[in-house]
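Residue-level structure breakdown
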Amino acid sequence: MKANISRSEKQRVVIVGGGIAGLELAYTLLKTDYQVVLIDKNNYHQFPPLIYQVASAGLEPSSIAFPFRRIFQGKKDFFFRMASVEGVDAERRKVQTSIGEIGYDYLVFAAGATTNFFGSETIATNSLPMKTVSESMRLRNTILENLEKAETEDDEEKRQSLLNIVVVGGGASGVEIAGALAEMQKKIIPRDYPDLDSSKMKIYLVNADDRLLKTMSPQSSLRAELFLRELGVEIIPSTFAVDCKDGKLFLKGADPIPSKTIIWVSGITANVFSGFAKETIGRGGRLLTDRYNKVRGYDNIFAVGDQALVEGDEAYPYGHPQVAQVALQQAQNVGKNLKRLLKGKALEPFKYKNLGSMATIGRKCAVAEIGNRKFGGLSAWVLWLVVHLRPILGVKNKVVILLNWMWNYFNYKQSLRLILKADRRKS
């Protein structure tokens with residue numbers, strides 16, 4: 001199998017991963033004297049901050065995903081290939097993929113991260129991650145299927161296990177999905193499942209840290225906790241989840257929680273590819289880079305976003321946070337530096353500008369930190385809507401999401417709560 005990409009007289013930049021960083025870098029390099037090749041295992045870009053809304057049946061998957069071939073339609077010297085990257089041969093300047101080898105002059109890894117199960121095979125097998133659109137659809141199906149089963153279950157213990165939902169992880173993803181599910185319990189379950197006692201449905205949030213949203217201030221953490229408790233979420237702080245099997249989540253120093261829906265958003269680990277020396281791999285599987293995002297020991301290989309751990313930045317001695325803004329700014333800086341290389345100019349080091357952070361807990365509830373300002377409630381929620389609507393690709397998607405949010409503000413009568421599965425034919 002061949003990648004079928006013809007070389008031109010231009011130098012080639014190969015980008016591995018079409019997430020926030022990879023897409024931004026590809027945009028930056030269009031209409032330059034580079035040939036750009038983007039590789040991704042999916043044929044679409046997905047917007048991670050809104051994946052939890054797909055999981056909670058608040059948005060359609062197509063609203064936060066956009067095909068690469070539509071994004072770059074008609075662009076010259078740009079190639080997209082749907083493939084899985086297996087490794088890199090730096091000496092031969094080749095990327096090894098599922099469709100064959102692809103040569104490069106410059107290589108940029110922007111493949112992001114995956115869910116960290118901390119080495120537990122049972123947790124990986126029996127819990128539900130929420131990192132991709134496909135995982136969010138599986139989670140949505142599981143939640144809705146368990147509600148259907150609970151409505152016809154005679155055994156009280158089994159019914160309670162079907163009704164319990166456990167979220168493991170107190171970061172932004174955990175807080176947001178817990179809030180969305182708590183709202184579903186209060187507003188949707190009583191209407192859609194009238195034969196179920198919705199008051200028996202329990203939403204648990206298990207957090208290994210002593211407070212939620214550890215990367216934000218204690219003030220914002222407290223606000224988020226109060227909002228969630230008002231919605232009825234039972235928060236279990238300073239507790240480690242140690243195993244997940246037999247329909248139960250086992251906790252260190254506490255009784256296990258029976259649940260058929262265990263959502264695992266407790267951390268991430270960078271995607272790792274073969275071909276790199278051990279001294280190149282840092283904490284969490286991230287590639288160690290200099291201030292220009294060049295991977296240690298390589299002059300023509302870069303890493304950005306969740307895969308990169310930048311060394312030498314005194315403000316972030318343990319690496320930058322693995323958030324969208326870091327990925328976006330690193331991609332922009334690498335893109336500018338690649339342009340500077342064409343002109344023979346010196347590279348500029350990456351400097352992260354923290355634009356703030358925020359998390360939404362539910363309708364009209366959010367927390368935000370912009371500079372020295374820390375606020376929550378309706379104003380933070382409106383700001384969250386604006387910030388997360390702007391990066392969505394496609395005018396149609398923006399309109400659909402905005403209409404969904406407006407409709408949700410006034411009522412919860414949606415038709416998105418569908419159990420959709422691919423039908424596999426028997427051979």
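First, a word on scope: everything that follows refers to the structure included in this document. (Residues numbered from 1 in each chain as written. Predicted model: local features only at pLDDT ≥ 70, side-chain atom pairs only at ≥ 80, totals over all residues. Heavy atoms only, no water.)

**Points about a positive patch on the surface**
Counted only if it meets this: Excluding any residue in a salt bridge, patches collect residues exceeding 30% relative accessible area, merging like charges within 9 Å and nonpolar Val, Leu, Ile, Met, Phe, Trp and Tyr side chains within 5 Å. Values of accessible area rely on a 1.4 Å probe in the Shrake-Rupley scheme; residue burial ignores everything except the protein chains shown. The term salt bridge refers to a side-chain nitrogen of Lys or Arg lying within 4 Å of a carboxyl oxygen of Asp or Glu. His is not counted, nor are the chain ends; Lys and Arg add positive charge and Asp and Glu add negative charge. Where a charge lies is defined by one atom per residue type: Lys uses NZ, Arg uses CZ, Asp uses CG and Glu uses CD. Each helix is a run of H or I in the DSSP string that is no shorter than four residues. Each strand is a run of E no shorter than two, and both are numbered from the N terminus.
Taken together, the side chains of K336, K339, K343 and K345 define a basic patch exposed on the protein surface. Examined against the element boundaries, K345 turns out to sit in the loop between α9 (324-342) and β23 (357-362).

**Let's talk about the packing of helix α5 (residues 133-152) against helix α6 (residues 156-163)**
Definition in use: For helices, the axis comes from a line fit to the C-alpha atoms of the stretch in contact; other axes are also lines fit to C-alpha atoms, and the angle between any two N-to-C directions lies between 0 and 180 degrees. In what follows, roughly perpendicular refers to angles from 65 to 115 degrees, roughly parallel to angles under 35, roughly antiparallel to angles over 145, and oblique to any angle outside these ranges. By convention, the crossing between two helices is left-handed when the near helix turns anticlockwise from the far helix through less than a right angle, and right-handed when the turn is clockwise. Should any heavy atoms of two residues lie within 4.5 Å, those residues are considered in contact.
Taken N-terminus to C-terminus, the directions of α5 and α6 make an angle of 160°; their axes are 8 Å apart at the nearest point. As the angle between them shows, α5 and α6 are arranged roughly antiparallel. Every pair of crossing elements has a handedness; the one defined by α5 and α6 is left-handed. Packed against α5, whose contacting residues are N146, L147, K149 and A150, the element α6 presents R159, L162 and L163 at the interface.

**Quick look at helix α10 (residues 378-389)**
The condition is simple: To estimate the expected span of a helix, subtract one from its residue number and multiply by 1.5 Å. Only protein chains enter the area calculation, which uses a 1.4 Å probe; residues under 20% of their type maximum are buried, those over 50% are exposed, and those in between are partly exposed. It is the directions from the helix axis to the C-beta atoms that the arc portrays.
Its twelve residues give α10 an end-to-end C-alpha distance of 17 Å, which sits within 8% of 16 Å, the value for a rise of 1.5 Å per residue. For α10, the complete set of buried residues consists of A380, W381, W384, L385, H388 and L389. The buried residues of α10 occupy an angular sector of 160° when projected down its axis, which confines them to one face.

**Some remarks on helix α7 (residues 172-192)**
In plain terms, the rule: One axis is fitted to the seven residues ending at the residue and one to the seven starting there. The bend at that residue is the angle between these axes.
Given a rise of 1.5 Å per residue, 21 residues ought to cover 30 Å, and the 28 Å separating the end C-alpha atoms of α7 matches this to within 8%. For α7, the principal kink sits at Q185 and spans about 45°.

**Quick notes on empty space enclosed by the protein**
How we decide: Definitions used throughout: a 1 Å grid over protein atoms alone; a cavity as a set of points that fits a 1.4 Å probe which cannot get out; a pocket as an open set with protein on both sides within 12 Å along at least five of seven lines; a lining residue as one with an atom within 4 Å of a point. Grid points are joined across faces, edges and corners, and a volume is the space filled by probe spheres set on the points. Residue polarity is assigned by list, with Asp, Glu, Lys and Arg as charged and Ala, Val, Leu, Ile, Met, Phe, Trp, Tyr, Cys and Pro as nonpolar; anything else, Gly included, falls into the polar class.
Applying the stated criterion to the full structure yields three cavities of 30 Å³ or more. Taken as a whole, the second largest cavity encloses approximately 50 Å³ of empty space. In terms of residue class, the lining of the second largest cavity is made up of seven nonpolar, three polar and no charged.

**A look at the sheet that holds strand β8 (residues 100-103)**
Note the cut-off: For two strands to count as paired, DSSP must find a minimum of two bridges between them.
Spatially, β6-β7-β8 is the arrangement adopted by the three strands of the open sheet, whose pairing is antiparallel. A strand with exactly one partner marks an edge of an open sheet, and here the two such strands are β6 (85-89) and β8. Strand-to-strand, the axes of this sheet are offset by a mean angle of 25°, without reference to chain direction. Note that strand β7 (residues 94-97) and β8 share four bridges and pair antiparallel. Bridged to V95 within β8 is I102.

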